[in-house]
Amino acid sequence: MSNAFSHFIHSSKAKNDLPIAVILGKNVNSDDMLLSLNKLGIDTVVVKLTLEVKDDYGENTYDNPMLIALANQLIQYLNLNIEKNKKGIIFSSEDIYSVLLAFSETELDTRFHCVTPSKDIVKICANKIKFFEYCEAQGIDIPATHVFYNKTDIDTVTNQLKLPGIVRPHYSGALPKSIVPKVLMINTIAELHTLGEKVFELGQPVFYQEFIPGDSTSTWFLGGFFGVDGKPSDSYFVGQKLLEHPLIGGNTTLATMRWNDPIVENGLQFIQAINYSGLADIEFKFDHRDQKYKIIEVNPRIGRWHSISQSAKTDIIREFYLTLLGMQTAPYSLHQEGRVWMAPVPAFCSYIESKGLFVGITHWLRAIFKADIKAGVDLRKLRQTMHQLRAIQGHIRSLSFKELLRGCKQ
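Please read these numbers as outputs of a predicted model, since none were measured by experiment.

Draft legend 1. Structural context of the overall build of the chain. A count of helical and extended segments in the chain gives 14 helices and 16 strands. Within the span of the chain, comprising 410 residues, buried residues form 55% of the whole. Of the contacts formed within the chain by residues at least 6 apart in sequence, a portion of 70% connects residues at least 24 apart. Surface exposure of the chain reaches about 19200 Å², of which carbon and sulfur atoms provide 53%.

Written as structure tokens, this is what we have:
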């Protein structure tokens, strides 16, 4: 684990005494953070795990010596490798880095400012079993949820089980994607038993939830930062998912800011109940059957589409940075009604899959012109662009001729 981390320095070339920004993780989220911070003239350091280590960290095994050692090494790396004469503010762009920050037993230099959830909170947010147990105990609305540890557990609830349902890994990396991708739809008890045999052999439980009917627009988010310096904050925005890829339980590809009082009330209920501090992205899905918004997950970090807040008026990263410096006092409104965010390349796949090739391309082109923020595309990065184009080609090939012409049903 001696070479677990590496870092890259991005200089803003601006002359100022502002603390550097340290972004943990290299992905689309961190790329968008860089854009925000560069506009402020802030020097930025991006720190990332090597792929070999990242694949094996065992996120939810909280007493795993490897996880604790890796967490300690991250802090040591920051203390030793970031300029000694510079103060820094730390951001996390992936769940694993939030976990490592929380579980480190090594002290972070006082020159760094880092507002992250505590170890106990991360244990809840990063593990879906613990998360839904907590929400149920707090009286927060959730989808019907079951955790199966063996075949007998499934047999016991066969008559009461709501179908169709979805199975997800109960923490990131718990199961091989070849067995359970991000979300797997289960339509019959037989399918559940077949999947259970594979999962139980790995010593893992099956995390099962009822499928809440509805398309992408049933999914809502509350994003922002909360409880900074121990003070309540309403520095957040409300968003509605418009498209995702894949079409069921996929990543957001098109979204808009749309105010929704129940989302704010339910989201703040969770934040206050758990005494959360830091950046967070809280996801809900509206259940038309009982007219309730049910919590799906909480990401203890910046969300995938936080860049929807980037404009001349506001920016979640900028406001968080300035608030931590004491240059601005939270709360600060981040919501801009009607603003549209789009990830053009995966959105292309969403439109093709949902509407067919020809209609899908037409809708995709319209959406590009209407979107205020287009994330994840940089034509200057040829390698990245070619990778995205290959992803589109592979997705089109995966569709049947009928699906390609008419689209799939959500």
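Draft legend 2. Quick look at the nonpolar core. In this structure, Phe-131, Leu-222, Phe-270 and Ile-295 are the most contacted members of the largest nonpolar core, which totals 30 residues. Secondary structure elements with two or more residues in this core: helix 5 (119–125), helix 6 (128–137), strand 10 (219–226), strand 11 (235–245), helix 9 (261–274), strand 13 (278–287) and strand 14 (292–299). When near neighbours in sequence (up to four residues on either side) are disregarded, Ile-295 contacts Phe-131, Phe-132, Cys-135, Ile-140, Asp-141, Ile-142, Pro-143, Phe-270, Ile-282, Glu-283 and Phe-284.

Draft legend 3. How the structure looks around empty space enclosed by the protein. Counting across every chain of the model gives 3 cavities of 30 Å³ or more. What lines the largest cavity is simply Ile-90, Phe-91, Ser-92, Ser-98, Leu-101, Val-115, Thr-116, Pro-117, Leu-279, Pro-300, Arg-301 and Phe-320. For the lining of the largest cavity, the secondary-structure elements that each account for two or more residues are strand 4 (88–92) and helix 4 (95–103). In terms of residue count, the dominant contributor to the lining of the largest cavity is strand 4 (3 residues). Per-class residue counts for the lining of the largest cavity are 8 nonpolar, 3 polar and 1 charged. In this structure, the second largest cavity occupies an estimated 60 Å³ of space. At the level of secondary structure, the elements contributing two or more residues to the lining of the second largest cavity comprise strand 10 and strand 13. Each residue belonging to the lining of the second largest cavity can be placed in one class, and the counts come to 5 nonpolar, 4 polar and 3 charged.

Draft legend 4. Region of interest: the side chain of Lys-86. The topology assignment puts Lys-86 in the loop between helix 3 (65–81) and strand 4. Here Lys-86 sits buried without a salt bridge, and the closest side chain of opposite charge, Asp-43, lies 4.4 Å off (N-O distance). Beyond its immediate stretch of four places on either side in the chain, Lys-86 contacts Asn-16, Leu-18, Ile-20, Asp-43 and Arg-111.

Draft legend 5. Structural context of the packing of helix 6 against helix 9. Viewed as axis vectors pointing N to C, helix 6 and helix 9 meet at an angle of 100°, and their least axial separation amounts to 12 Å. Judged by the angle between their axes, helix 6 and helix 9 are roughly perpendicular. On helix 9, the residues that touch Phe-131, Tyr-134 and Cys-135 of helix 6 are Phe-270, Ala-273 and Ile-274. In terms of residue class, the contact of helix 6 with helix 9 is made up of 6 nonpolar, no polar and no charged.

Draft legend 6. Broad picture of the sheet that holds strand 15 (residues 340–342). Pairing is mixed in the open sheet, where 7 strands are placed in the order 14-13-10-11-12-15-16. The two strands at the open ends of the sheet, each matched to only one other strand, are strand 14 and strand 16 (373–374). Bridge analysis of strand 11 against strand 12 (residues 251–257) gives 6 bridges, and the strand direction is antiparallel. Paired with Gly-239 across the strands is Met-257, a residue of strand 12. Contacts between helix 11 (residues 344–355) and the sheet are confined to strand 11, strand 12, strand 15 and strand 16, with strand 11 contributing the most and set at about 50° to the helix.

Draft legend 7. Focus on the packing of helix 3 against helix 4. One way to put it is that helix 3 packs onto helix 4 with a least axis distance of 8 Å and a crossing angle of 90°. The angle between the axes of helix 3 and helix 4 places the two elements in the roughly perpendicular class. When helix 3 is examined against helix 4, the residues Leu-67, Ile-68, Leu-70, Ala-71, Leu-74 and Ile-75 are found in contact with a partner set consisting of Val-99, Leu-100, Leu-101 and Phe-103. Tallied by class, the residues present in the contact of helix 3 with helix 4 amount to 10 nonpolar, no polar and no charged.

Draft legend 8. Molecular detail of the packing of aromatic side chains. Throughout the structure, instances matching the rule amount to 13 aromatic pairs. Each ring, one from Phe-131 and one from Phe-132, has its centre 5.0 Å from the other, and the planes form 80°; the classification is edge-to-face. The buried category is assigned to Phe-131, whose relative accessible area is 2%. Given the relative accessible area of 3%, Phe-132 is considered buried. An angle of 85° between the planes, with centres 6.2 Å apart, marks the rings of Tyr-134 and Phe-270 as edge-to-face.

Draft legend 9. The sheet that holds strand 1 (residues 5–10), seen in detail. The mixed open sheet is built from 5 strands, whose spatial order is 1-3-2-4-5. Edge positions in the sheet fall to strand 1 and strand 5 (112–113), since each of these pairs with one other strand and no more. Relative to strand 3 (residues 44–49), strand 2 (residues 20–24) runs parallel, the two being bridged by 4 bridges. By the bridge assignment for strand 3, Leu-24 is matched with Val-47. Sheet strands touched by helix 3: strand 1, strand 2, strand 3, strand 4 and strand 5. Its angle to strand 1, the strand with the most contacts, is close to 35°. Strand contacts of helix 4: strand 1, strand 2, strand 3 and strand 4, with the helix running at about 90° to strand 3, the strand carrying the most contacts.

Draft legend 10. Structural detail: unusual backbone geometry. With an omega of -5°, the peptide bond running from Leu-163 to Pro-164 counts as cis. With a phi angle near 60°, Asn-275 is a residue other than glycine that sits in the positive phi range. Even without being a glycine, Gln-291 presents a positive backbone phi close to 60°. Turning to its location among the elements, Gln-291 is positioned in the loop between strand 13 and strand 14. With relative accessibility at 54%, the residue Gln-291 sits in the exposed group.

Draft legend 11. Just the pairing of strand 14, in detail. Counting buried residues along strand 14, 7 of its 8 residues qualify, which places the element largely inside the surrounding structure. The sheet contact formed by strand 13 and strand 14 spans 7 bridges and is antiparallel. Within the sheet, the bridge partner assigned to Asp-281 lies in strand 14 and is Asn-299.

Analysis parameters
Residues numbered from 1 in each chain as written. Predicted model: local features only at pLDDT ≥ 70, side-chain atom pairs only at ≥ 80, totals over all residues. Heavy atoms only, no water. Helix = DSSP H or I, 4+ residues; strand = E, 2+ residues; numbered from the N terminus. Buried < 20%, exposed > 50% of the residue type's maximum accessible area, 1.4 Å probe, protein only. Contact = heavy atoms within 4.5 Å. Areas by Shrake-Rupley, 256 points an atom, 1.4 Å probe, with all protein chains shown as cover. Core = buried A, V, L, I, M, F, W, Y, C linked by side-chain atoms within 4.5 Å. 1 Å grid on protein atoms, 1.4 Å probe; cavity = no way out; pocket = protein on both sides within 12 Å on 5 of 7 lines; lining within 4 Å. Points joined across faces, edges and corners; volume = space filled by probe spheres on them. Nonpolar A, V, L, I, M, F, W, Y, C, P; charged D, E, K, R; others polar. Lys, Arg positive; Asp, Glu negative; His and termini not counted. Salt bridge = Lys/Arg side-chain N within 4 Å of Asp/Glu carboxyl O. Axes fitted to C-alpha atoms, helices over the stretch in contact; angles between N-to-C directions. Parallel < 35°, antiparallel > 145°, perpendicular 65-115°, else oblique. Pairing = 2+ DSSP bridges. Phe/Tyr/Trp six-rings, centres within 6.5 Å; stacked < 30°, edge-to-face > 60°.

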